[in-house]
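Here's the letter readout for the chains.
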Amino acid sequence: MKPSYEELEQQIKEFKKSDKEKLNQLVKNSFDMIVLLDSNGFQHYVSESCERILGFKPEELINIPIIETMIHPDDQEKTSAGLTEIIKNSANGGSQYRHRHKNGSWVYLEAFGTNQINNPLIKSVVLNVRDITERKKSEEELLESRARLREANLTKDRFFSIIGHDLKSPFNSIVGFSEILLEQINEKDYAGIEEYATIIHDSSERAMNLLTNLLEWSRTQTGKIEFNPEYHELVTEINDVVELLNASAQQKSIFISKNLPHDMPVEADKAMVKTILRNLISNAIKFTNRGGEITISLEQKPKELIVSVTDNGVGIKKENIDYLFRIDHRYSTLGTNKETGTGLGLLLCKEFVEKHGGKIWAKSNGISGSIFSFSLPLS
């Protein structure tokens, strides 16, 4: 028996109802959000999956200027431009942006849209929106990993350069002039012995300083240097380092003056602070002309101490100052007595200063004189 017209009509209604329910369930349980916007950027429909992704119920995101109120300030301009492009050119488009979560955090979203404003059944820009927070996190971790690997390779290259050239040079001088010295002694020709001995001594000192920096730098890269801050007198540490380096300064007739208070307690790692001071004062001696002057000063500010080493030496060109504390760019020049260097000491200073939460910087007019300063936070 054939169904009646009324029965057929009922079946069609139930079929449509079933399809509508299926569609509702598909949208509700979709991995993505479905969003409908008008030409002014107001959302008038948001699928229920927004609560899973953003913490908001659909009604909380309807009839509000979504770009101005929910999009991260840094992403608003590009998001607005993307929407305008879709509306004006009736084009498909997509963008990535950060959307506020109900808990106050930011969620990275990726939206693909199509212009259906002229479609009488839709009259909206239709967006398919996906949460890409985890993907963004993975991308950032990958970029950080690449940066760390690049820095490790640069460090390795710097090490090979130092070992292959800079460390070899002073040892060549030591071996070469010690052979000449032995020949002179064997031949009982004592002329020039003092000169050769001085060259051997200076080369040995340079090699020792370089080895010390190399060992300390390698330990910082492998995490084997312990950070042990303790209260001590910073003025005492400065005086100790100056006394240690006074002989080197006197060889060039350089006067080291100090503008220091009587005492200045600080919580810092003694060994690291001494290494910083030793490198900065040694550099000042190296680049100061014979008969020059170096001044070491200490300034107390409300939240930090600032130590400065000022010389009236050869100066540093402005464009080179930015390279002084970078591993990816080698900057090294000869001292006023042709002393060699690697720039490794300044990198070590930067590592140690930043361990304390401080900063290090340099100033120079590029013609004469330089000021190297670093800060140590006060507890």
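Because the structure is predicted, anything quoted here is derived from the model rather than measured. Chains are numbered independently. Their residues run from 1 in the order of the written sequence. Owing to the predicted nature of the model, reporting of local features is limited to residues with pLDDT of at least 70; listing and counting of side-chain atom pairs is limited to 80 or more, with chain, interface and lining totals taken over all residues. Where side-chain values are given, they derive from all heavy atoms of the structure, hydrogens and water being excluded.

**Some thoughts on the side chain of T79**
And step 1. Per the convention used, a helix needs a DSSP run of H or I reaching at least four residues, while a strand needs a run of E reaching at least two, with both numbered from the N terminus. Relative to the assigned elements, T79 resides in helix α4 (residues 76–89).
And step 2. For T79, a relative accessible area of 9% puts it in the buried group. For every residue, the accessible area obtained with a 1.4 Å probe (protein chains only) is divided by the maximum for its type, and the residue is called buried under 20%, exposed over 50%, and partly exposed between those limits.

**Concerning the sheet that holds strand β10 (residues 304–311)**
And step 1. Pairing is mixed in the open sheet, where 5 strands are placed in the order β7-β9-β10-β12-β11. Edge positions in the sheet fall to β7 (255–259) and β11 (360–364), since each of these pairs with one other strand and no more. Here the strands of the sheet are splayed against their neighbours by 15 degrees on average, with no regard to which way each runs.
And step 2. What makes two strands pair is DSSP finding at least two bridges between them. Note: strand β9 (residues 293–300) against β10, 7 bridges, orientation antiparallel. Each residue of the ladder has a partner; that of T295, found in β10, is T310.
And step 3. Working rule for contacts: check all heavy atoms of both residues, and any pair within 4.5 Å makes them a contact. Axes, fitted as lines to C-alpha atoms, cover a helix only where it is in contact. Angles between the N-to-C directions of the axes lie from 0 to 180 degrees. Contacting β7, β9, β10 and β12 (370–377), helix α8 (residues 234–251) runs over the sheet at an angle of about 170 degrees to β7.

**With respect to helix α9 (residues 270–286)**
Three- or four-residue spacings in an α-helix give side chains the same orientation, since the helix completes a turn every 3.6 residues.
And step 1. Take the residue count of a helix, subtract one, and multiply by 1.5 Å to get its expected span. Compared with an ideal rise of 1.5 Å per residue, which puts 17 residues at 24 Å, α9 spans 24 Å between its outermost C-alpha atoms and is within 8% of the ideal.
And step 2. Among the 17 residues that make up α9, 13 are buried, leaving the element largely enclosed by the rest of the structure.

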